[in-house]
Amino acid sequence: MKQFTHRNEGFTCLHCGAEVPAASQTCRNHCTACLHSRHVDITPGDRAAGCQGLMAPVEVTVEGGLPVGLVHKCVRCGFRGKNKLADDDNRDVLFQIMEKSAFGQ
Ligand SMILES: [Zn+2]
Ligand SMILES: [Zn+2]
C-alpha cells in the first residue's frame, strides 16, 4: 500500500540560504522567505526524486480571491509540482508571483 509520508522538518534554503524552521501546521516543503523549493519528492513527502534541483515558484493558485497554493517548477528537469501555502510564507513574494503570472511571463 502506498501512502503519503508526512515529513515535517527544517532545512536550509538552496536559493537564499535562509534557515527554514519546521512548520507548525503543515508539511514544510518550501522556503518561507523566497518560496523556492527543492525537487526531492515524486509524491509529496516521499523524498524519492533523485533530481535535487532547485524549484522556483512560478504560479500562485487562487481560490475565492485568496492565494491557497503554489506551483513550483524544477529549474533542472522542468518538473512541476503543486504545494500548499504555509501561514508564514512571504506575502510580498507571493503577490509578485501573482502579478507576474497574471500578466504573462
Ligand atoms: Zn529561500
Ligand atoms: Zn527536477
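Data block above holds the structure.
Residues numbered from 1 in each chain as written. Chains lettered and ligands numbered in written order. Predicted model: local features only at pLDDT ≥ 70, side-chain atom pairs only at ≥ 80, totals over all residues. Heavy atoms only, no water.

A. Just the environment of G81, in detail. Within the fold, G81 resides in strand β6 (residues 80-84). A relative accessible area of 15% means that G81 is categorised as buried. In this structure G81 touches M55, L70, V71 and H72, once residues within four positions along its chain are discounted. (Helix = DSSP H or I, 4+ residues; strand = E, 2+ residues; numbered from the N terminus. Buried < 20%, exposed > 50% of the residue type's maximum accessible area, 1.4 Å probe, protein only. Contact = heavy atoms within 4.5 Å.)

B. Region of the structure containing the environment of I42. You can see I42 is positioned in the loop between β3 (37-38) and β4 (54-63). Ignoring sequence-local partners within four residues, the contact set of I42 consists of A48, A49 and F79.

C. Here's a closer look at the environment of F95. Positionally, F95 belongs in helix α1 (residues 91-102). Given the relative accessible area of 41%, F95 is considered partly exposed. Linking F95 and V60, residues 35 residues apart in sequence, is a C-alpha distance of 8.4 Å.

D. How the structure looks around the side chain of T32. Structurally, the position occupied by T32 is in the loop between β2 (19-20) and β3. Aside from chain neighbours lying at most four places away, what touches T32 is V20, D88, D89 and N90.

E. The coordination of the zinc ion (ligand 1), seen in detail. Surrounding the zinc ion (ligand 1) are the protein donor atoms C13 (SG), C16 (SG), C31 (SG) and C34 (SG), at 2.2 to 2.3 Å. Given four donor atoms and angles of 105 to 114° at the metal, the environment of the zinc ion (ligand 1) is assigned as tetrahedral. In the primary sequence, the donor residues of the zinc ion (ligand 1) line up as C-x2-C-x14-C-x2-C. Here the residue C13 occupies a position in the loop between β1 (11-12) and β2, and C34 occupies one in the loop between β2 and β3, the gap between them amounting to 21 residues. Grouping residues by exposure puts C13 and C34 together as buried. (Donors = N, O, S within 2.8 Å, 3.2 Å for Na, K, Ca; no water. Tetrahedral: all angles 85-135°; square planar, octahedral: opposite > 155°, others 65-115°.)

F. Fine view of the nonpolar core. Listed in full, the seven residues of the largest apolar core are L35, V60, L70, L85, V93, L94 and I97. In terms of residue count, the dominant contributor to this core is α1 (three residues). Residue contacts for L35: discarding those within four places in its chain leaves H30, P57, L70, H72, D89, N90, V93, L94 and I97. (Core = buried A, V, L, I, M, F, W, Y, C linked by side-chain atoms within 4.5 Å.)

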